[in-house]
Amino acid sequence: MTTLGTGFVRARRWLRGHPLAFDAWLAAAVLACMICASFAEQNPGRGPVFGTRTPEPSSVLLMVLAAGALVLRRRRPMTVLAVTGLLSAAEFLLMDPPAPVVLSTVIALFTVAAGTDRPTTWRAGLLTMGVLTVTAMSAGASPWYSQENLGVLAWTGLAGATGDAVRSRRAFVDAIRERAERAERTRDEEARRRVAEERLRIARDLHDVVAHHIALVNVQAGVAAHVMDKRPDQAKEALAHVREASRSALNELRATVGLLRQSGDPEAPTEPAPGLALLDALVETFRNAGLPVEVARTDRDSPLPAAADLAAYRIIQEALTNVRKHAGAGAKAEVSVVQVGGTAEITVLDTGGGAVPVPGPDDGGGHGLIGMRERVTALGGTLTAGPRYGGGFRVHAILPVTARTRAPEGPGTAGRTGGCA
């Protein structure tokens with residue numbers, strides 16, 4: 001039984017891969033059925049009787065032509081239907097009782113219904129049913145209401161209905177398959193999008209942490225090297241700031257990289273992300289590095305949401321780092337955090353005379369402003385950054401305090417605001 005089932009599956013698979021061979025086999029089977037039926041004669045009350053009737057040569061010719069036309073039923077379905085219909089009508093007109101040439105028309109009508117749309121099926125089916133039924137009723141010697149004539153109507157109608165049902169099922173299966181494939185593509189695209197967003201987020205956090213603390217370490221190390229011989233106490237104080245900045249950098253790097261661990265890893269960090277609650281400590285590190293910073297805040301009584309709080313902290317951190325790196329000696333910075341209605345405005349100004357340099361291929365490519373703009377855009381806010389009239393630089397961000405997110409813009413958008421890293 002297993003061998004028989006396997007052979008049947010292989011044969012069906014081969015016939016599906018060779019449709020013309022299948023149609024030739026079908027045409028031969030239909031011809032055999034028509035010839036066998038042409039030897040039968042109706043005997044009321046006893047069923048068909050064989051051996052009392054022999055088909056005419058013209059009937060055999062019509063059956064061969066009708067069956068041969070079925071070989072092209074997939075390539076020319078309407079043409080095959082028209083040819084078989086005309087041959088069936090000719091048989092009804094020429095022979096009494098007629099040979100079952102109409103069987104080929106039934107197969108052709110089924111093919112048309114299964115391969116076209118419903119309106120075409122209705123038109124072709126009604127025309128075929130009408131022409132053949134009227135021809136059979138008017139041409140034969142039997143009464144018009146005989147069962148043979150009504151059988152023509154029933155078989156052609158059944159062929160059209162069956163073909164339309166097959167077409168509907170194929171369309172339904174194709175729609176299900178297409179939806180499944182689209183859902184699979186959507187899942188893959190969503191997974192790639194989430195991975196890209198997570199990579200950008202981690203890259204922003206690493207850039208903010210490294211750029212801020214390494215800039216402070218560089219400044220304090222330069223101070224220590226400058227005063228090491230003449231003022232060792234001040235050099236020791238600068239080295240203490242270097243140690244503190246490096247320790248803070250390591251802690252934040254450990255917290256950021258720890259997010260890449262598995263969710264069940266007990267070593268994953270659980271401390272909260274930095275926010276404006278740590279703004280005073282952040283500003284103090286810049287003051288220790290020699291950058292005077294003034295702070296004005298109106299949000300202490302109404303803290304920001306977690307996402308906006310982290311974005312505001314990182315924007316201020318990156319902006320002050322840029323001031324320390326690019327504003328030049330004697331620069332001062334002003335930081336303001338103002339909450340107005342449903343938004344929070346973050347502004348960082350400096351009075352330095354240094355110009356923000358255009359990033360080159362080896363200086364980081366201006367990822368600081370890119371990261372700031374991506375953070376703000378992801379929350380549905382806006383960011384502007386550029387030189388101030390009369391000298392200095394200004395960074396201004398407007399963050400919504402409600403949960404509203406948007407897809408981050410590409411890096412090229414942020415590049416229009418400036419190029420510091």
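Residues numbered from 1 in each chain as written. Predicted model: local features only at pLDDT ≥ 70, side-chain atom pairs only at ≥ 80, totals over all residues. Heavy atoms only, no water.

**What to know about the pairing of strand E5 (residues 343-350)**
Worth spelling out the cut-off: Classification of residues uses two cut-offs on accessible area relative to the type maximum, computed with a 1.4 Å probe and protein chains only: under 20% is buried, over 50% is exposed, and between them is partly exposed. Secondary structure follows DSSP: runs of H or I at least 4 residues long count as helices, runs of E at least 2 residues long count as strands, and numbering of each begins at the N terminus. DSSP calls a pair of strands paired once it identifies at least 2 bridges connecting them.
Counting buried residues along E5, six of its eight residues qualify, which places the element largely inside the surrounding structure. In this structure, strand E4 (residues 333-340) lies alongside E5, joined through eight bridges in antiparallel fashion. Looking at the pairing, Ser336 lines up with Thr347 of E5. In textbook terms, the turn of a hairpin is the stretch between consecutive antiparallel strands, and for E4 and E5 this stretch comprises two residues, one of which, Gly341, has a positive phi near 60°. Relative to strand E7 (residues 393-400), E5 runs antiparallel, the two sharing eight bridges. For Leu349, the partnering residue across the bridge sits in E7 and is Arg394.

**Side note on the sheet that holds E7**
Put simply, the rule reads: For helices, the axis comes from a line fit to the C-alpha atoms of the stretch in contact; other axes are also lines fit to C-alpha atoms, and the angle between any two N-to-C directions lies between 0 and 180 degrees. What makes two residues a contact is simply this: any of their non-hydrogen atoms within 4.5 Å.
Across the sheet, five strands lie side by side as E3-E4-E5-E7-E6; this open sheet has mixed pairing. The two strands at the open ends of the sheet, each matched to only one other strand, are strand E3 (293-297) and strand E6 (382-387). For this sheet the average axis-to-axis angle between neighbouring strands, irrespective of direction, equals 10°. Where helix H9 (residues 279-288) meets the sheet, it contacts E3 and E4, and its direction lies at approximately 165° from that of E3.

**Some thoughts on the packing of helix H4 (residues 77-94) against helix H6 (residues 118-139)**
The line we're drawing: Should an angle lie under 35 degrees it is considered roughly parallel, over 145 roughly antiparallel, and from 65 to 115 roughly perpendicular; all remaining angles are considered oblique. Gly falls in the polar group here, along with every residue not listed as nonpolar (Ala, Val, Leu, Ile, Met, Phe, Trp, Tyr, Cys, Pro) or charged (Asp, Glu, Lys, Arg).
Relative orientation of the contacting elements H4 and H6 amounts to 10°, with a least axis distance of 9 Å. Judged on the interaxial angle alone, H6 and H4 are roughly parallel. Residues Met78, Leu81, Gly85, Ser88, Ala89, Phe92 and Leu93 of H4 lie in contact with H6, whose contacting residues are Ala124, Thr128, Leu132, Thr135, Ala136 and Ala139. Residues of the contact of H4 with H6, tallied by class, amount to nine nonpolar, four polar and no charged.

**Digging into helix H3 (residues 57-69)**
The α-helix winds at 3.6 residues per turn, so residues separated by three or four positions along the chain end up facing the same way. Definition in use: An expected span of 1.5 Å times one less than the residue number is assigned to each helix. Directions pointing from the helix axis toward each C-beta atom define the arc.
Over its 13 residues, H3 runs 18 Å from end to end, which matches the ideal 18 Å to within 8%, given 1.5 Å per residue. Along H3, the positions that sit buried rather than exposed are Ser59, Leu62, Met63, Ala66, Ala67 and Ala69. Buried residues in H3, looked at end-on, bunch into an arc of 155°, giving them a common side. Away from its buried face, by an angle of more than 90 degrees, H3 presents the exposed residues Pro57 and Leu61. Buried positions along H3 lie against helix H2 (19-38), H4 and helix H5 (102-115).

**Notes on the nonpolar core**
Rule in force here: Buried residues of nine kinds, namely Ala, Val, Leu, Ile, Met, Phe, Trp, Tyr and Cys, make up a nonpolar core once their side-chain atoms join them within 4.5 Å.
Membership of the largest hydrophobic core comes to 36 residues, with the highest contact counts inside it found for Ile316 and Val395. Of all the secondary-structure elements, those providing two or more residues to this core are H9, helix H10 (306-326), E4, E5, helix H11 (367-378), E6 and E7. In terms of residues, this core owes the most to one element, H10, which gives nine residues. If we skip the residues at most four places from it in the chain, Ile316 touches Leu276, Leu279, Leu282, Val335, Val337, Ile346 and Val348. Counting residues in hydrophobic clusters, the runner-up holds 21 residues, among them Leu62, Ala66, Leu87 and Leu109.

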